[in-house]
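The lines below spell out each chain.
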Amino acid sequence: MVEFVFMRIKQGKVNGLLGKYYTWSGEQTPEKFDENNLKTVRVDSEINFVWWDKPDEKVPHEYFGVEWEGYIIVPVEGVYRFYVVSDDGSRVWLDGELIIDAWKDQAPTVYHSKPLNLTAGYHKLLYRFYNRHTFAVAQLGWIRPDGISEIVPSSNLATPTGTKVEIEGLKEGYKVEIWSGRKIAEGKAGKRGKASIDIRHLETPIDAYFRIYDEKGNLVLESPVIREIWGGDRFKIVKKGTS
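Residues numbered from 1 in each chain as written. Predicted model: local features only at pLDDT ≥ 70, side-chain atom pairs only at ≥ 80, totals over all residues. Heavy atoms only, no water.

1. As for the side chain of glutamate 177
So, point 1. Mapped onto the elements, glutamate 177 comes out in strand S17 (residues 175-179).
So, point 2. Assessed through its relative accessible area of 5%, glutamate 177 is described here as buried.
So, point 3. A polar contact of 3.2 Å, which involves the side chain of glutamate 177, links it to the side chain of lysine 175.
So, point 4. A polar contact is formed between the side chain of glutamate 177 and the side chain of tryptophan 179, at a distance of 2.8 Å.
So, point 5. Ignoring sequence-local partners within four residues, the contact set of glutamate 177 consists of Lys183, Ala185, Glu186, Tyr209, Phe210, Arg211 and Tyr213. (Helix = DSSP H or I, 4+ residues; strand = E, 2+ residues; numbered from the N terminus. Buried < 20%, exposed > 50% of the residue type's maximum accessible area, 1.4 Å probe, protein only. Polar contact = N/O pair within 3.5 Å; in protein donor to acceptor, adjacent residues only side chain to side chain. Contact = heavy atoms within 4.5 Å.)

Written out as structure tokens, the structure reads:
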């Protein structure tokens, strides 16, 4: 095989949760938010908000909602409890399970999940929130196995910056496969020597390696196992001794 180096030149992971901010009619309490009413998208480093005014220049101070998505990074296996302080409504899902349901108009109120025995690593999180009138509170915390209660820190929250992995430095027509025990996804390099591989179907970041084939189907490069491949990652292939 040709001697190449496989380099990650951009990390797709950022700390925090992806927040999608919507408006709603102000009539019946919204069960979901209409994509047509999406006003802004941003990464919030942690969920610890007390809003006396509008949460963003593009979002009004009342009749708005937020969906935060990403991952909780559990540092050690053990029993955790999550809590929210909510004004108005909050719902929290962890790994697809509804763990807090406080979906109603209310003054700031604390709600706890049941005790959850969690493995160390990444757990999928969705926090849906709505506010009716001026003044809102949305806070997400946990009680750790050591008994410490705190707002979930930014260092324990993560989200991908995209849904695709990009590989540069290929020849046109080369095929790239991502493997982790089995083939996860594949793509083909275009005229600029770049392949873009969609990995939005993955539930969590993965440890994986790449296989690259030329136009005739010959394997020309197999990367080492790469820790935590995320959507938004960019890689570059260069010959040894160059950069």
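2. Describing the nonpolar core
So, point 1. Within the largest apolar cluster, 29 residues are counted, with the highest numbers of intra-cluster contacts made by Trp51, Trp68, Ile72, Phe82, Tyr127 and Phe129.
So, point 2. Ranked by residue count, the leading element in this core is strand S6 (residues 64-74), at five residues.
So, point 3. Among the nonpolar cores identified, the runner-up in size contains 24 residues, and Val176, Ala185, Ala189 and Ile237 belong to it. (Core = buried A, V, L, I, M, F, W, Y, C linked by side-chain atoms within 4.5 Å.)

3. Structural notes on the pattern of salt bridges
So, point 1. One pass over the structure, following the stated rule, counts 20 salt bridges.
So, point 2. Its salt-bridge partner being lysine 20, residue glutamate 69 comes within 3.9 Å of it at the nearest N-O pair. Highlighted residues: glutamate 69 in strand S6 and lysine 20 in strand S3 (residues 17-23), separated in sequence by 49 residues.
So, point 3. Of the residues examined, glutamate 69 reaches a relative accessible area of 28% and is grouped as partly exposed. (Salt bridge = Lys/Arg side-chain N within 4 Å of Asp/Glu carboxyl O.)

4. What about the sheet that holds strand S16 (residues 164-168)?
So, point 1. Spatially, the four strands line up as an open sheet ordered S1-S23-S16-S19, and their pairing is mixed. With one partner strand each, in any of the chains shown, strand S1 (4-10) and strand S19 (195-198) form the two edges of the open sheet. Averaged over all pairs of adjacent strands, the angle between their axes in this sheet comes to 20°, without regard to strand direction.
So, point 2. Pairing between S16 and strand S23 (residues 234-239): three bridges, direction parallel. In the sheet register, glutamate 168 faces S23, and the bridge partner there is lysine 236. (Pairing = 2+ DSSP bridges. Axes fitted to C-alpha atoms, helices over the stretch in contact; angles between N-to-C directions.)

5. Here's the deal with the side chain of serine 223
So, point 1. Here serine 223 is to be found in the loop between strand S21 (219-222) and strand S22 (226-229).
So, point 2. The exposure class assigned to serine 223 is buried, which follows from its relative accessible area of 6%.
So, point 3. A distance of 2.9 Å separates a polar atom in the side chain of serine 223 from the backbone nitrogen of phenylalanine 210.

6. Concerning the packing of aromatic side chains
So, point 1. A complete count under the given rule lists 22 aromatic pairs for this structure.
So, point 2. Note on tryptophan 24 and tyrosine 63: the rings are 5.6 Å apart at their centroids and 85° apart in plane angle, and the pair reads as edge-to-face. Placement of tryptophan 24 in the loop between S3 and strand S4 (38-44) and of tyrosine 63 in the loop between strand S5 (48-51) and S6 is noted, with a sequence separation of 39 residues between them.
So, point 3. When its relative accessible area of 9% is taken as the criterion, tryptophan 24 is described as buried.
So, point 4. With a centroid separation of 5.6 Å and an interplanar angle of 85°, the aromatic rings of tyrosine 71 and tryptophan 230 are classed as edge-to-face. (Phe/Tyr/Trp six-rings, centres within 6.5 Å; stacked < 30°, edge-to-face > 60°.)

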